[in-house]
Amino acid sequence: MSAAGGGHDTVTTQLGQCCHGDSRSARKSASRADKDGGAMAAGEGYRNPTEVQMSQLVLPCHTNQRGELSVGQLLKWIDTAACLSAERHAGCPCVTASMDDIYFEHTISVGQVVNIKAKVNRAFNSSMEVGIQVASEDLCSEKQWSVCKALATFVAHRELSRVKLKPITPRTEEEKTEHSVAAERRRMRLVYADTIKDLLANCVIQDDLESRDCSHTVPAEKTRVESVELVLPPHANHQGNTFGGQIMAWMENVATIAASRLCRAHPTLKAIEMFHFRGPSQVGDRLVLKAIVNNTFKHSMEVGVCVEAYRQEAETHRRHINSAFMTFVVLDADDQPQTLPWIRPQPGDGERRYREASARKKIRLDRKYIVSCKQAEMPLSVPWDPSNQVYLSYNNVSSLKMLVAKDDWVLSSETNQIRLYTLEEDKFLAFHLEMLVHVDATQAFLLLSDLCRRPEWDKHCRSVELVQQVDEDDAIYHIISPALGGDTKPQDFVVLASRRKPCDNGDPYVIALRSVTLPTHRETPEYRRGETICSGFCFWREGDQLTKVSYYNQATPGFLNYVTTNVAGLSSEFYTTFKACEQFLLDNRNDLAPSLQTL
């Protein structure tokens with residue numbers, strides 16, 4: 001594991017600097033240039049068969065009072081384009097199941113063009129993840145801006161038979177990355193509701209009351225809005241189900257009214273939190289939309305929106321269709337956010353919503369920072385706490401999967417059927433080792449998942465302590481490696497290990513590793529603290545009792561100087577350690593720890 005500041009420990013960098021690379025992709029990359037000149041890999045002359053493009057000219061009827069495109073109208077266009085892409089792949093009607101967080105980077109003015117591109121990233125049994133990119137275009141200046149990116153889940157629905165979607169076959173590097181990471185995003189969505197509930201119950205909420213102007217307060221009840229909509233045929237698809245985008249547009253409308261009542265100005269919607277449609281609504285339904293400002297912060301406010309449906313006026317029972325939380329700001333003439341008045345919540349439910357909004361703000365910032373930012377923008381070690389553990393685990397695994405999907409791996413050496421690949425990109429240098437082992441893939445995964453056994457085969461790990469078993473798939477370890485080269489101190493690492501079983505046939509088993517910081521394990525004078533950004537293992541089943549084991553390691557900038565002066569030594573170290581790993585797997589393939597057999 002190599003330290004952030006550089007070091008002489010070539011192989012320990014492996015453990016510490018989390019994964020990114022697929023050996024199969026490397027071989028395919030080398031052969032692709034011969035087969036088709038690399039044009040297909042680069043995306044030239046190739047178009048994804050599920051891709052849908054939509055261009056809309058923004059007219060006055062689409063805009064709000066500021067002459068900017070209404071976000072509600074934009075959401076309708078996004079939903080339509082995404083639905084068309086989903087139906088192109090499914091070959092049957094599809095309905096919107098959920099929409100991930102959306103952050104709006106720019107507003108769009110009247111007269112500009114909205115360009116929307118949607119394509120299916122991955123298909124599961126009956127659901128699909130659709131990726132959407134939205135850009136605006138000024139026809140006079142020919143300038144273009146990115147407006148937002150979105151991820152939507154659609155479910156295929158056929159009246160008389162069960163739908164089993166055909167798999168997506170990714171071809172470009174971008175498609176391979178999105179296809180691989182989609183499985184991890186799906187996992188995060190499935191546990192989203194429970195995650196939010198646990199975080200709201202357990203996280204410590206720190207409010208910013210001391211910085212607010214409490215001389216001007218607005219009662220929360222003053223912002224309450226209730227509106228009813230009758231679902232008519234133009235609002236629904238050919239099956240009579242209400243368009244998800246139409247419901248989102250109605251929700252944005254009442255949320256904007258609630259926000260306006262607080263600030264007495266025209267607010268701007270900046271973000272919509274991930275939400276799920278709990279059930280369908282049809283033509284003839286009455287939809288009751290309720291909105292209220294839950295909390296205000298210095299420059300932003302959270303508005304909660306709830307949608308209920310009923311069929312006849314005499315009905316007393318209403319179906320809960322959807323709930324969402326939207327973040328608004330108020331901009332001045334220079335497009336800078338203004339300070340907002342303090343909200344005074346009502347006792348009971350109002351105070352509960354007030355506290356939960358503060359917690360959601362922290363969760364939202366953690367999720368946006370950890371999930372959305374680029375790998376190069378992430379610090380090597382991220383603070384670990386219960387409010388961000390789901391997103392750190394997601395980032396850990398998705399970073400490795402993105403490294404695996406890279407097309408630019410170069411074969412550097414091959415010794416006794418162990419291949420070493422390298423990848424130079426931006427400020428990082430990544431390594432990838434690959435070998436075939438006569439061990440079942442599940443057994444290899446379980447054996448190497450137990451990091452406490454790593455010292456049995458890796459001489460660069462002196463000891464490994466399990467610090468915290470976070471859940472069934474994630475654990476935090478403290479690893480100590482011996483002093484090497486000219487170092488006088490041993491090196492230590494605090495590492496998050498995230499493991500995943502395959503989501504579908506062809507997917508690998510994954511063990512992803514990255515550094516985190518814990519208040520209980522701070523840096524001490526006794527050790528030189530090392531950090532790892534991305535490393536880990538992938539296991540592909542190649543046959544009965546035959547597994548391809550691939551190890552990935554993304555080295556930090558401080559390690560590069562050592563690498564460039566010791567390429568031969570590096571290859572030898574990797575080979576020796578990987579050979580010891582192979583022997584460990586062979587010796588222990590029938591001796592799995594009972595605690596791991598339940599994974």
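Below you will find a few notes about this structure. (Residues numbered from 1 in each chain as written. Predicted model: local features only at pLDDT ≥ 70, side-chain atom pairs only at ≥ 80, totals over all residues. Heavy atoms only, no water.)

1. Brief notes about the pattern of salt bridges
Working step 1: Within this structure, the stated rule accounts for 28 salt bridges.
Working step 2: The residue R419 makes a salt bridge to E414 at a minimum N-O spacing of 3.4 Å.
Working step 3: Between K579 and E582 there is a salt bridge, and its shortest N-O distance comes to 2.9 Å. Of this pair, K579 and E582 both sit in helix α12 (residues 567-587), three residues apart, roughly one helical turn.
Working step 4: On the basis of relative accessible area, K579 is assigned to the partly exposed category, the value being 32%.
Working step 5: Here the salt bridges do not stand alone but share partners, grouping D100, E129, E178, R185 and R189 into one network. (Salt bridge = Lys/Arg side-chain N within 4 Å of Asp/Glu carboxyl O. Helix = DSSP H or I, 4+ residues; strand = E, 2+ residues; numbered from the N terminus. Buried < 20%, exposed > 50% of the residue type's maximum accessible area, 1.4 Å probe, protein only.)

2. A look at the packing of helix α4 (residues 71-90) against helix α7 (residues 244-263)
Working step 1: Where α4 meets α7, the closest approach of the two axes is 8 Å, and the angle between their N-to-C directions is 165°. Of the possible angle classes, the one that applies to α4 and α7 is roughly antiparallel. Note that α4 runs across α7; the crossing there is right-handed. In this structure, α4 contributes V71, G72, L75, K76 and D79 to the contact, and α7 contributes G244, G245, Q246, M248, A249 and E252.
Working step 2: Of the residues assigned to the contact of α4 with α7, the class counts are four nonpolar, four polar and three charged. (Axes fitted to C-alpha atoms, helices over the stretch in contact; angles between N-to-C directions. Parallel < 35°, antiparallel > 145°, perpendicular 65-115°, else oblique. Left-handed = near helix turned anticlockwise from the far one by under 90°. Contact = heavy atoms within 4.5 Å. Nonpolar A, V, L, I, M, F, W, Y, C, P; charged D, E, K, R; others polar.)

3. Re α7
Working step 1: The end-to-end C-alpha distance of α7 is 29 Å, a good match for the 28 Å that 20 residues give at a rise of 1.5 Å each.
Working step 2: Across the 20 residues that make up α7, a large majority, 16, are buried.
Working step 3: Among the residues trailing α7, R264 stands out with phi positive, at a value near 55°. (Expected span 1.5 Å × (residues − 1).)

4. A look at the packing of helix α5 (residues 173-190) against helix α9 (residues 389-404)
Working step 1: Relative to each other, α5 and α9 sit at 165°, their axes nearing to 9 Å. Classified by the angle their axes make, α5 and α9 are roughly antiparallel. In the packing of α5 onto α9, the handedness of the crossing is right-handed. Contact with α5, carried on its side by T177, S180, V181, A183, E184, R185 and M188, involves V390, Y391, S393, Y394, V397, S398, K401 and M402 of α9 and no other residues of that element.
Working step 2: In the contact of α5 with α9, the residues fall into eight nonpolar, four polar and three charged.

5. So, a nonpolar patch on the surface
Working step 1: There is a patch of nonpolar side chains on the surface, built from L57, L59 and L139 and spanning about 260 Å² of accessible area.
Working step 2: Along the polypeptide, L139 turns up in the loop between β5 (127-137) and β6 (144-156). (Patch = residues over 30% accessible without salt bridge, like charges linked within 9 Å, V, L, I, M, F, W, Y side chains within 5 Å. Areas by Shrake-Rupley, 256 points an atom, 1.4 Å probe, with all protein chains shown as cover.)

6. Concerning the packing of aromatic side chains
Working step 1: Summed over all chains, the structure comprises eight aromatic pairs.
Working step 2: Summarising the aromatic geometry, the rings of F275 and F277 are spaced 5.7 Å apart at their centres and angled 75° between planes, so their arrangement reads as edge-to-face. For the residue pair F275 and F277, the accessibility class agrees, reading buried in each case.
Working step 3: Note on W457 and F537: the rings are 6.3 Å apart at their centroids and 75° apart in plane angle, and the pair reads as edge-to-face. Of the two residues, W457 is situated in the loop between α10 (441-449) and β19 (463-469) and F537 in strand β24 (residues 534-543); the sequence distance between them amounts to 80 residues. With respect to burial, W457 and F537 carry one shared label: buried.
Working step 4: Members of the aromatic cluster, each reached through a chain of ring pairs, are F445, W457, Y509, F537, F539 and Y551.
Working step 5: A cation over a ring is seen here: R360 above F325, with NZ or CZ 3.6 Å from the ring centre. (Phe/Tyr/Trp six-rings, centres within 6.5 Å; stacked < 30°, edge-to-face > 60°. Lys NZ or Arg CZ within 6 Å of the ring centre and 35° of its normal.)

7. Description of unusual backbone geometry
Working step 1: Backbone geometry at E142 places phi at a positive 65°, although glycine is not the residue there.
Working step 2: Along the chain, E142 turns up in the loop between β5 and β6.
Working step 3: Its identity as a non-glycine residue notwithstanding, D335 has a phi of 60°, on the positive side.
Working step 4: Looking at the element boundaries, D335 is found in the loop between β13 (319-329) and β14 (342-344).

8. Some points on the pairing of strand β20 (residues 474-481)
Working step 1: When you tally the buried positions in β20, you get eight out of eight residues, the bulk of the element.
Working step 2: By the alternation rule, side chains of β20 split into D474, I476, H478 and I480 and A475, Y477, I479 and S481, which are all buried.
Working step 3: Inspection of the sheet shows β19 paired to β20 by six bridges, in the antiparallel sense. Residue pairing across strands places E465 opposite H478, the latter belonging to β20.
Working step 4: Remark: four residues form the turn of the hairpin made by β19 and β20, two consecutive strands paired antiparallel. (Pairing = 2+ DSSP bridges.)

9. Thoughts on the environment of L420
Working step 1: Tracing the sequence through the fold places L420 in strand β17 (residues 418-425).
Working step 2: The class of L420 is buried, set by a relative accessible area of 5%.
Working step 3: The spatial distance from the C-alpha of L420 to the C-alpha of E434 is 6.8 Å, given a sequence separation of 14 residues.

10. Regarding the nonpolar core
General note: in soluble globular proteins, nonpolar side chains tend to be found buried as a group.
Working step 1: With 74 residues, the main nonpolar core has M128, I132, M301 and V303 as its most contacted residues.
Working step 2: Core analysis: the second largest hydrophobic core is formed by 37 residues, F537, V549, A555 and F578 among them. (Core = buried A, V, L, I, M, F, W, Y, C linked by side-chain atoms within 4.5 Å.)

11. Things to note about the sheet that holds strand β3 (residues 102-103)
Through backbone hydrogen bonds, the strands of a sheet pair up, either in parallel or in antiparallel fashion.
Working step 1: Strand order in this open sheet of six strands is β3-β9-β13-β12-β11-β8, and the pairing throughout is antiparallel. Strand pairing shows two members of the sheet lacking a second neighbour, β3 and β8 (225-230), which therefore form its edges.
Working step 2: Pairing between strand β12 (residues 301-310) and β13: nine bridges, direction antiparallel. From the neighbouring strand, A309 faces β13, where its bridge partner is R319.
Working step 3: Docked against the sheet, α7 engages β8, β9 (268-272), β11 (286-296), β12 and β13, running at close to 40° with respect to β11.

12. Looking at the environment of N294
Working step 1: With respect to the helices, strands and loops of the structure, N294 is situated in strand β11.
Working step 2: Sequence-wise, N294 and G304 are 10 residues apart; in three dimensions their C-alpha atoms are separated by 6.3 Å.
Working step 3: Leave out the neighbours within four places in its chain, and N294 touches E302, V303, G304, F325, I343, R353, Y354, A357 and R360.
Working step 4: Within polar-contact distance, the side chain of N294 engages the side chain of R353 at 3.4 Å. (Polar contact = N/O pair within 3.5 Å; in protein donor to acceptor, adjacent residues only side chain to side chain.)

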